[in-house]
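Summary of structural features
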Amino acid sequence: MSDVRVPLLDLRPQYAGLREEIAEAIQGVLDSQQFVLGPEVEALEAEVAAYSGAAHGVGCASGSDALLLPLMALGVGPGDQVVVPTYTFFSTAGSVYRLGAEPVFADIEPRTYNATPETLARAAERCTRLKAIMPVHLYGQAADVDGIAALGASLGVPVYEDAAQAIGAEDARGRRVGGAGQTACFSFFPTKNLGSFGEGGMVTTDDPDLARELRQLRVHGMEPKYYHAKVGLNARLHALQAAVLRVKLRHLEPWQEARRRNASHYDELFRNAGARTSAVPLAEGGLPLRVPAIPEEPVRHVFNQYVVRVPAERRDALRAHLTEHRIGSEIYYPVPLHLQECFRELGGKPGDLPESEAAARETLALPIFPELEKRQREHVAATIVDFLS
């Protein structure tokens, strides 16, 4: 057995290169004694908005709050319906449900694992009180922004993008996600391409009135101090997290390109062994492995996750084999949201959304962090190919 170890994610090399910059930034906050909101947060809001091509950024306590706040501003509540993909992290639907509204689940297409205008439209047909559409840019790849925006316009509802995994991703027109729709949410959870030292999130928008309302809602609906025209929540971004993120943002582009190079190397190693892309169904043969389809330029995938696909009956055994060979992996997401126990009352059944259910059974995420070494990538690929061959 090889002595190479490959964790799913290792943040220590990144921190080692930034230790002095981050220490200086944190010391600045400590000296100021301004720990909640304040100048560091305002500066980060402006910088992330500029990076994403948006006019305004509103920092908040988590990516989940970044999903929730725009829905609160829209007045989503009991009786309303919001279309969301079923194959995504829980917060996308949870933010809708906690407001008393109904998440209406859409299927994905198997090439990108994103919902499409067509799958979202089919879900919208089941709605009688549609309030919004919330597509997800999954794994770091932009969904069809223009097509989904056109769908929202035709239905007369806003499109609120979940870009939690996709800061810096670019769509079919070369625009970065977060600058084209009504709002986009970002997560700064430590595993994200731009990760904080805990929780953090942001909403970007071009609408100054909406930005003002989001800022009000994140402080219990308070404006001015101790006067509450609305009921909001405590969703403030801490200045220490903002300071760390401002340092990291200066290094984000080299990290993005390193992830893309790592993905390209995986693609080459797996392709040479007979793998095909996710555009080709597993049933069509060859090595029973599908790698991410390469998007056409100017689309830019930023690979928050590098997700492969194998036959469902071999997926869990492959993961155990990787663990045995000291290689980290993860299953995102083993149970689609329409089949989660907490949403049972919504009536979802196996077979309702077949592409999402198949992805849940067949996909596996591999290590892709920027500092991944060539020998580690080769160890991952060789171990997988040996098992599947």
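Provided above is the structure to which this section pertains.
Here we summarise the structure given alongside this text. Each chain has its residues counted from 1, running along the sequence as written. Residue-level local features of this predicted model are given only where pLDDT is at least 70; pairs of side-chain atoms are given and counted only at 80 or more, and the full residue set underlies all totals for whole chains, interfaces and linings. Only hydrogens and water are removed before side-chain values are computed, so all heavy atoms of the structure are retained for them.

**Details of the overall build of the protein**
Numbering of helices and strands runs from the N terminus, with a helix taken as a DSSP run of H or I at least four residues long and a strand as a DSSP run of E at least two residues long. For the protein, the helix and strand inventory stands at 12 helices and 11 strands. Atoms considered for the radius of gyration are the C-alpha atoms alone. The globule rule reads 2.2 Å times the number of residues to the power 0.38. Against the 2.2 N^0.38 benchmark of 21 Å for 389 residues, the protein shows a C-alpha radius of gyration of 21 Å, consistent with a compact globule. When the backbone C-alpha atoms are referred to their principal axes, the protein occupies close to 65 × 55 × 35 Å. Residue burial is assigned from relative accessible area. The probe radius is 1.4 Å, only protein chains are included, and a residue is buried under 20% of its type maximum, exposed over 50%, and partly exposed in between. Classification of the 389 residues of the protein by burial places 56% in the buried group. Working rule for contacts: check all heavy atoms of both residues, and any pair within 4.5 Å makes them a contact. Intrachain contacts of the protein at a sequence separation of at least 6 include 71% that bridge at least 24 residues.

**Brief notes about the packing of aromatic side chains**
What describes a pair of aromatic rings is the distance from one ring centre to the other and the angle between the planes of the rings. Put simply, two rings from Phe, Tyr or Trp (the six-membered ring, in Trp's case) pair if the centres are within 6.5 Å, and we call them stacked under 30 degrees between planes, edge-to-face over 60, tilted for the rest. Taken as a whole, this structure holds 12 aromatic pairs when the rule is applied. Each ring, one from tyrosine 87 and one from tyrosine 113, has its centre 6.3 Å from the other, and the planes form 45°; the classification is tilted. In this pair, tyrosine 87 sits in the loop between strand S2 (81–85) and helix H4 (91–97) while tyrosine 113 sits in the loop between strand S3 (102–106) and helix H5 (117–124), placing the two residues 26 residues apart along the sequence. For the pair formed by tyrosine 87 and tyrosine 113, the shared burial category is buried. Between tyrosine 87 and tyrosine 139 the ring centres are 6.3 Å apart and the planes differ by 80°, which places this aromatic pair in the edge-to-face class. Separated by 52 residues along the polypeptide, tyrosine 87 in the loop between S2 and H4 and tyrosine 139 in the loop between strand S4 (130–133) and helix H6 (145–155) bring together distant segments of the chain. Here a set of aromatic residues connected by ring pairs shows up, and it is made of Tyr87, Tyr113, Tyr139, Tyr332 and Tyr333. We call a charge positioned over a ring when the NZ of a Lys or the CZ of an Arg lies within 6 Å of the ring centre and within 35 degrees of the ring normal. Directly above the ring of tyrosine 51 sits arginine 176, whose terminal nitrogen or CZ lies 4.1 Å from the centroid.

**Quick word on the pattern of salt bridges**
Any carboxyl oxygen of Asp or Glu within 4 Å of a side-chain nitrogen of Lys or Arg constitutes a salt bridge here. Tallying each qualifying case throughout the model produces 24 salt bridges. With its nearest N and O atoms 3.1 Å apart, the salt bridge here joins glutamate 21 to arginine 250. With a gap of 229 residues between them, glutamate 21 in helix H1 (residues 12–32) and arginine 250 in the loop between helix H8 (239–249) and helix H9 (252–272) connect regions that are remote in the sequence. Here arginine 176 makes a salt bridge to glutamate 253, at a shortest N to O gap of 3.6 Å. With arginine 176 in the loop between strand S5 (160–162) and strand S6 (183–187) and glutamate 253 in helix H9, this residue pair connects regions lying 77 residues apart in the sequence. The class of arginine 176 is partly exposed, set by a relative accessible area of 23%. Salt bridges sharing common partners tie together Glu170, Arg176, Glu253, Glu257, Arg260 and Arg300.

**Details of empty space enclosed by the protein**
Here the idea is plain: a probe the size of a water molecule rolls over the atoms and shows the empty space left. Cavity: a set of points on a 1 Å grid over the protein atoms alone where a 1.4 Å probe fits but cannot get out. Pocket: an open set with protein on both sides within 12 Å along at least five of seven lines, its lining residues, like those of a cavity, having an atom within 4 Å of a point. Grid points are joined across faces, edges and corners, and a volume is the space filled by probe spheres set on the points. Tallied over the entire structure, the rule returns four cavities of 30 Å³ or more. A volume near 90 Å³ is recorded for the largest cavity. As for the largest cavity, its lining consists of Arg111, Thr112, Tyr113, Leu138, Tyr139, Gln141, Ser278, Pro292, Ala293, His301, Gln305 and Val307. Under this grouping Gly is polar, as are all residues other than the nonpolar Ala, Val, Leu, Ile, Met, Phe, Trp, Tyr, Cys and Pro and the charged Asp, Glu, Lys and Arg. Here the residues of the lining of the largest cavity are counted per class, giving six nonpolar, five polar and one charged. Lining the second largest cavity are Leu9, Asp10, Leu11, Gln14, Pro190, Thr191, Lys192, Asn193, Arg259, Phe369, Pro370 and Glu371.

**Quick look at the side chain of lysine 192**
As for its placement among the helices and strands, lysine 192 is situated in the loop between S6 and strand S7 (201–205). Counting rule applied: Lys, Arg positive; Asp, Glu negative; His and chain ends not counted. At 7.8 Å, glutamate 199 is the nearest oppositely charged side chain to lysine 192, a buried residue that forms no salt bridge.

**Quick notes on the side chain of threonine 204**
Here threonine 204 shows up in strand S7. For threonine 204, a relative accessible area of 0% translates into the label buried. Within the local environment of threonine 204, its side chain forms a polar contact with the backbone oxygen of glycine 178, the two atoms lying 2.8 Å apart. In contact with threonine 204, not counting residues within four places along its chain, are Val48, Ala49, Ala54, His56, Gly57, Gly178, Gln182, Thr183, Ala184 and Phe186. For this analysis, a polar contact is any N or O atom pair within 3.5 Å, provided that within protein one partner can donate a hydrogen and the other can accept it, and provided that sequence-adjacent residues contribute only side-chain to side-chain pairs.

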